[in-house]
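Okay, here's what each chain looks like letter by letter:
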Amino acid sequence: MEQAFNSEFYSRLRTLRMSIALSNAAGMSGSRKSKAKGNSVEFSDFREYMLGDDIRRIDWNAYGRFDKLFIKLFMEEKEGLFHVILDASKSMDYGEKNKAVAAKRLAGALSYIVLENGDRLFLDIMKDGGMTSHRGMTGMQAFRKTIEILDNTPFDGGGDFLTSLKHGNFKQHGMSFFLSDGYADNMEEVFKYLRFCHQEVVFFHILSPEEIDPVYEGNIQMVDCETGADIRMNMSGSVIRNYKKLYEEFILHTESICKKHSVVYIPITSDASVDSLLYGSLSKLATNN
């Protein structure tokens, strides 16, 4: 498999600057005050303590009342909460230009933007109905750890997204970037659940060129990489035409449920160049946001 985080990725990443503002996100409480207002230390709000927070900011009076740890937030310190949710099921490990490589690069770039912008990152890896959540990361010192986690993430097993998400930590308003090929029968339920958890959702739909426009000919044996089930097929012209019709219906259905639940839909092809991935795809995010 091609290396996801190569020299080209890092050289282009250093020039990437983008502010993902949450101040206009629907229902978002505690949006950060504009940096243009200066370095105010005016008290603003509380939020629940997370691992890595400065313990000097703990409000012990609140702890005595609620039996929970809270920290004080000041005007310039109110941070956005971002989840990068990565589908690490086996179906993502596919394509001559591998979907997993594109997903890792995109997850790395999104993590960089969140951390560089002074916000809090939750990196959530999903597979087999479970979730490995690396949560509460802040500051650029956490970027190396993020890349290490992504670089060492295997893509295997099944993709029960809804069950996986229910293992996540979505207790506060925030924004979730969902990176997947979308191969699940219950994607609408997935989006509904994230919206129920007060998440603004961006779906990066990652597919390989072979899935979009198959070039197979003759008799082939197809194997479901997640279940192991196989089927023999003759890839005749009529079969390919039927496949393309089903593919178009799949895309239209996905776009429709995204629109229905106010999810930003951004399609990605796994053969996209690093420039196209970082600037083309993420510029769409900036426009939508």
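Residues numbered from 1 in each chain as written. Predicted model: local features only at pLDDT ≥ 70, side-chain atom pairs only at ≥ 80, totals over all residues. Heavy atoms only, no water.

## Description of helix 8 (residues 237-260)
Right, on to step 1. Taking 1.5 Å per residue, 24 residues should reach 34 Å; helix 8 reaches 35 Å between its end C-alpha atoms and fits that length.
Right, on to step 2. Of the residues flanking the end of helix 8, it is Ser-262, one or two places downstream, whose phi is positive at about 55 degrees. (Helix = DSSP H or I, 4+ residues; strand = E, 2+ residues; numbered from the N terminus. Expected span 1.5 Å × (residues − 1).)

## Quick notes on helix 4 (residues 143-151)
Each α-helix turn comprises 3.6 residues. Residues three or four places apart therefore point the same way.
Right, on to step 1. Along helix 4, the residues classified as buried are Phe-143, Thr-146, Ile-147, Ile-149 and Leu-150. All buried residues of helix 4 lie within an arc of 160 degrees about the axis, which places them on one face of the element. In helix 4, the exposed positions angled more than 90 degrees off the buried face are occupied by Arg-144 and Glu-148.
Right, on to step 2. As for helix 4, its buried residues are in contact with helix 1 (7-13), strand 3 (81-87), helix 3 (99-116), strand 4 (120-127) and strand 5 (130-137). (Buried < 20%, exposed > 50% of the residue type's maximum accessible area, 1.4 Å probe, protein only. Arc of directions from axis to C-beta. Contact = heavy atoms within 4.5 Å.)

## A word on the confidence of the model for the chain
Right, on to step 1. Mean pLDDT over the chain works out to 81, with 77% of the residues at or above the 70 mark.
Right, on to step 2. Taken element by element, the chain is modelled with least confidence in strand 8 (residues 218-223), mean pLDDT 63, and with most confidence in helix 6 (residues 187-196), mean pLDDT 97.
Right, on to step 3. Across residues 21-40, confidence stays below pLDDT 50; counting only partners more than four residues off in sequence or on other chains, it has 29 contacts. (pLDDT = per-residue confidence, 0-100.)

## With respect to the sheet that holds strand 6 (residues 174-180)
Right, on to step 1. Here we have 6 strands laid out as an open sheet, ordered 5-4-3-6-7-10, and mixed in their pairing. Looking at strand neighbours, the two that pair on one side only are strand 5 and strand 10 (264-269), the edges of this open sheet. Across the sheet, the mean angle from the axis of one strand to that of its neighbour is 15 degrees, orientation sign disregarded.
Right, on to step 2. Bridge count for strand 3 against strand 6 is 5 bridges, and the pairing is parallel. The residue bridging Leu-86 from the neighbouring strand is Leu-179, located in strand 6.
Right, on to step 3. Across the face of the sheet, helix 4 comes into contact with strand 3, strand 4 and strand 5 while running at roughly 5 degrees to strand 4. (Pairing = 2+ DSSP bridges. Axes fitted to C-alpha atoms, helices over the stretch in contact; angles between N-to-C directions.)

## Some remarks on the packing of aromatic side chains
For any pair of aromatic rings, the description rests on two quantities: the centre-to-centre distance and the angle between the ring planes.
Right, on to step 1. The full count for this structure, using the stated rule, is 11 aromatic pairs.
Right, on to step 2. Residues Phe-9 and Tyr-10 carry aromatic rings whose centres are separated by 5.5 Å and whose planes lie at 80 degrees to one another, so their mutual orientation is edge-to-face.
Right, on to step 3. Take Phe-9: its relative accessible area is 0%, and that puts it in the buried class.
Right, on to step 4. Tyr-10 sits in the partly exposed class, given a relative accessible area of 31%. (Phe/Tyr/Trp six-rings, centres within 6.5 Å; stacked < 30°, edge-to-face > 60°.)

## Observations concerning the environment of Ser-111
Right, on to step 1. By the secondary structure assignment, Ser-111 is in helix 3.
Right, on to step 2. Classification of Ser-111 as buried rests on a relative accessible area of 0%.
Right, on to step 3. Residues Ser-111 and Thr-146 lie 35 residues apart in sequence; the distance between their C-alpha atoms is 7.4 Å.
Right, on to step 4. Not counting residues within four places of it along the chain, the set of residues in contact with Ser-111 comprises Val-84, Leu-121 and Thr-146.
Right, on to step 5. A polar contact is formed between the side chain of Ser-111 and the backbone oxygen of Ala-107, at a distance of 2.8 Å. (Polar contact = N/O pair within 3.5 Å; in protein donor to acceptor, adjacent residues only side chain to side chain.)

## Digging into the pattern of salt bridges
Right, on to step 1. Within this structure, the stated rule accounts for 12 salt bridges.
Right, on to step 2. Lys-97 is the partner of Glu-2 in a salt bridge, and the nearest nitrogen-oxygen pair spans 3.8 Å. Of this pair, Glu-2 sits in the segment before helix 1 while Lys-97 is found in the loop between strand 3 and helix 3, placing the two residues 95 residues apart along the sequence.
Right, on to step 3. You can call Glu-2 partly exposed: its relative accessible area is 38%.
Right, on to step 4. Close ionic contact of Arg-12 with Asp-275 constitutes a salt bridge, the shortest N to O distance being 2.4 Å. Taken together, the residues span a long stretch of sequence, with Arg-12 in helix 1 and Asp-275 in helix 9 (residues 274-288) at a distance of 263 residues.
Right, on to step 5. Here Asp-275 falls in the partly exposed class, since its relative accessible area comes to 32%.
Right, on to step 6. Bridged by salt links that share partners, the residues Glu-2, Lys-97 and Arg-105 form one connected network. (Salt bridge = Lys/Arg side-chain N within 4 Å of Asp/Glu carboxyl O.)

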